[in-house]
Amino acid sequence: MSATPKHLAVLFPGQGSQERGMGRALAEVSTEAAELWTMAEKASGLSLREIYWEGDEAAMADTRALQPAMTAATLGLWFFLRRKLAGVVGFAGHSLGEYAALAASGMLEAEAALALTSLRGRLMAEAAGGEGAMAAVLKLSLDAIEEVVREAGEAAGRLLVVANYNSPGQFVLSGDKAAIEAAAALAKERKGRAVPLAVSGAFHSPLMAAPATELEKALRKAGLRSPAVAPVFFNVTGAAEPDADKALSLMCRQMTSQVRWIDTMANLHAAGARAFVELGPKGVLAKLATANLKGVCDDCTAVNVADPAGAAVLEA
């Protein structure tokens, strides 16, 4: 993949993409990346490098540690690679990843992004323990998903929404546990498959209203600037929003609103993106980019870069 002549979209993953050792190889060769981990540990009050470089799966899944750690790891990759990533037409981050996208675009200072994700992780952890749950549903159309959501919500008498529109074949539901269980049964009847997610609450739903209100106070205090590199395409609408005040309003709604990733990919493509580069572990978003652009853009490419060695793919 030759990055220079193509118009690039830079993508940042969120929760679920963590892996043991993430960011370590980069921090060993980049002072700037190492400083991000130091800032993240200061903001969170947690020994993040010990957790992610030497810890176990349970410790790494704790959202209080995960959110600032993932932000440090992915932002470090951006700062390390930004000179190679010429021609960026837009940034996007999936849920948590939107904070790294804001910092990469210049709309938010890196230190502020780490402070906000530390707070966001704590608030979401404190909201755990209720009746909220999430599940990914595969192999069903949007029409079928919406029918399942309506029927399951009515049958359970509980809140149920589509939280993530990830790709035409992958949607995530969020809501009350009873409604999620009802939806899983209905999806199976329709030849779909529901996969429960290992999360502690009904994220991206109205059930997150209380932590969202607390986070909004910190967001408004931090504020946003106009992008210095390229615009961010926001989860709430899937569209670019370079106006700082309007972008701040979108971020204040993010925790309770849907992640419109299908629209985000379509709008990045419409803006001229032909190469999609995911910065972070596992390559989930690179796969989603391929799924969303299938039959739409035959010359588009999607790659994942998770460490300094992986940067070689940008030169291929």
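Thresholds applied
Throughout, a residue's number is its position along its own chain's written sequence, starting from 1. Local features are withheld for residues below a pLDDT of 70 in this predicted model, meaning they are given only at 70 or higher, and side-chain atom pairs are given and counted only at 80 or more; totals for whole chains, interfaces and linings count all residues. To obtain the side-chain values, all non-hydrogen atoms of the structure were included, while hydrogens and water were left out. A helix here means a DSSP run of H or I that spans at least four residues, while a strand means a run of E at least two residues long, and both kinds are numbered starting from the N terminus. Think of it in three bands: with a 1.4 Å probe and only protein chains considered, a residue is buried below 20% of the maximum accessible area for its type, exposed above 50%, and partly exposed in between. For this analysis, residues touch if any pair of their heavy atoms sits within 4.5 Å. Each salt bridge in this description consists of a side-chain nitrogen of Lys or Arg and a carboxyl oxygen of Asp or Glu lying within 4 Å of one another. Asp and Glu are treated as the negative residues and Lys and Arg as the positive ones, with His and the ends of the chain left uncounted. Counting of polar contacts relies on pairs of N or O atoms within 3.5 Å, with two restrictions inside protein: one atom must be capable of donating a hydrogen and the other of accepting it, and residues adjacent in sequence are counted only when both atoms are side-chain atoms. In this analysis, strands are considered paired if DSSP registers two or more bridges between them. Axis geometry follows a simple rule: fit a line to the C-alpha atoms, using only the stretch in contact for helices, then measure angles between N-to-C directions, giving values from 0 to 180 degrees. Given the number of residues in a helix, its expected span is that number minus one, multiplied by 1.5 Å. Taken from the helix axis, the directions to the C-beta atoms give the arc we talk about. Seen with its strands pointing away from the viewer, a crossover is right-handed when the path leading from the first strand over the helix to the second is clockwise. Throughout, a disulfide means two cysteine sulfur atoms within 2.5 Å of one another.

Quick notes on the side chain of Asn235
Link 1 in the chain: One can find Asn235 in the loop between helix H10 (209–222) and helix H11 (244–253).
Link 2 in the chain: For Asn235, a relative accessible area of 0% puts it in the buried group.
Link 3 in the chain: Not counting residues within four places of it along the chain, the set of residues in contact with Asn235 comprises Gly93, His94, Ser95, Glu98, Gln254, Gln258, Val259, Arg260 and Trp261.

A look at the pattern of salt bridges
Close approach of charged atoms allows side chains with opposite charge to pair.
Link 1 in the chain: Per the counting criterion, the structure on display carries 13 salt bridges.
Link 2 in the chain: With a closest N to O distance of 2.6 Å, Glu41 and Arg49 form a salt bridge.
Link 3 in the chain: Relative accessible area serves as the criterion here: at 26%, Arg49 is assigned to the partly exposed category.
Link 4 in the chain: Arg122 is paired through a salt bridge with Glu126; the nearest N and O atoms lie 3.0 Å apart. Within this pair, Arg122 and its partner Glu126 are both found in helix H7 (residues 110–126), separated by four residues, close to a single helical turn.
Link 5 in the chain: The class of Arg122 is partly exposed, set by a relative accessible area of 38%.
Link 6 in the chain: Taking the relative accessible area as the measure of exposure, Glu126 reaches 53% and is therefore exposed.
Link 7 in the chain: One network of salt bridges, with partners in common, ties together Glu147, Arg150, Glu151, Glu154 and Arg190.

Considering the side chain of Glu241
Link 1 in the chain: Here Glu241 lies in the loop between H10 and H11.
Link 2 in the chain: As a buried residue without a salt bridge, Glu241 has its nearest oppositely charged side chain in Lys246, at a separation of 5.1 Å.
Link 3 in the chain: Within the local environment of Glu241, its side chain forms a polar contact with the backbone nitrogen of Asp243, the two atoms lying 2.9 Å apart.
Link 4 in the chain: Excluding residues within four positions of it along the chain, Glu241 makes contact with Met107, Val232, Phe234, Lys246, Ala247 and Leu250.

A short note on the pairing of strand E7 (residues 275–279)
Link 1 in the chain: Counted residue by residue, E7 has five buried out of five residues, so it is predominantly covered.
Link 2 in the chain: Burial along E7 is two-sided: the face carrying Ala275, Val277 and Leu279 and the face carrying Phe276 and Glu278 are both buried.
Link 3 in the chain: Note that strand E1 (residues 8–12) and E7 share four bridges and pair parallel. The residue of E7 that forms the bridge with Leu11 is Glu278.

As for the sheet that holds strand E3 (residues 132–138)
Link 1 in the chain: With antiparallel pairing, four strands are arranged side by side in an open sheet as E4-E5-E3-E6. On the outer flanks of this sheet lie strand E4 (160–167) and strand E6 (193–196), each paired with one strand and no other. Here the average twist between neighbouring strands, direction ignored, is 25°.
Link 2 in the chain: Here E4 pairs with strand E5 (residues 170–176) via six bridges, running antiparallel. Pairing of Asn164 across the sheet is with Val172, part of E5.
Link 3 in the chain: Where helix H9 (residues 177–189) meets the sheet, its contacts fall on E3, E4, E5 and E6, and the angle it forms with E5 comes to roughly 145°.

Let's talk about helix H8 (residues 142–156)
Link 1 in the chain: Across its 15 residues, H8 extends 21 Å between first and last C-alpha, which sits within 8% of the 21 Å expected from 1.5 Å per residue.
Link 2 in the chain: Residues of H8 that are buried: Ala144, Ile145, Val148, Val149, Ala152 and Gly153. For H8, the arc enclosing every buried residue in end-on projection is 155°, short of the 170-degree limit, so these residues lie on one face. Away from the buried face of H8 by more than 90 degrees, exposed residues Asp143 and Glu154 are located.
Link 3 in the chain: Contacts made by the buried residues of H8 are with E3, E4, E5 and H9.
Link 4 in the chain: Count one or two residues on from H8 and you reach Gly157, which has phi positive near 65°.

Side note on the pairing of strand E8 (residues 301–305)
Every other side chain in a regular strand lies on the same face of the sheet, so the side chains alternate between the two faces.
Link 1 in the chain: Both E7 and E8 contribute to a ladder of five bridges, which runs parallel. By the bridge assignment for E8, Leu279 is matched with Val305.
Link 2 in the chain: For the segment spanning E7, helix H13 (residues 284–293) and E8, crossover handedness is right-handed.

Section: the state of the cysteines
Link 1 in the chain: One pass over the structure, following the stated rule, counts one disulfide.
Link 2 in the chain: What pairs with Cys297 in a disulfide is Cys300, and their sulfur atoms sit 2.0 Å apart. When the S-S torsion is 85°, as for the bridge of Cys297 with Cys300, the disulfide is right-handed. The pair formed by Cys297 and Cys300 is uniform in burial state, with each residue classed as buried.

Without other data, these values stay purely geometric and don't point to any function.
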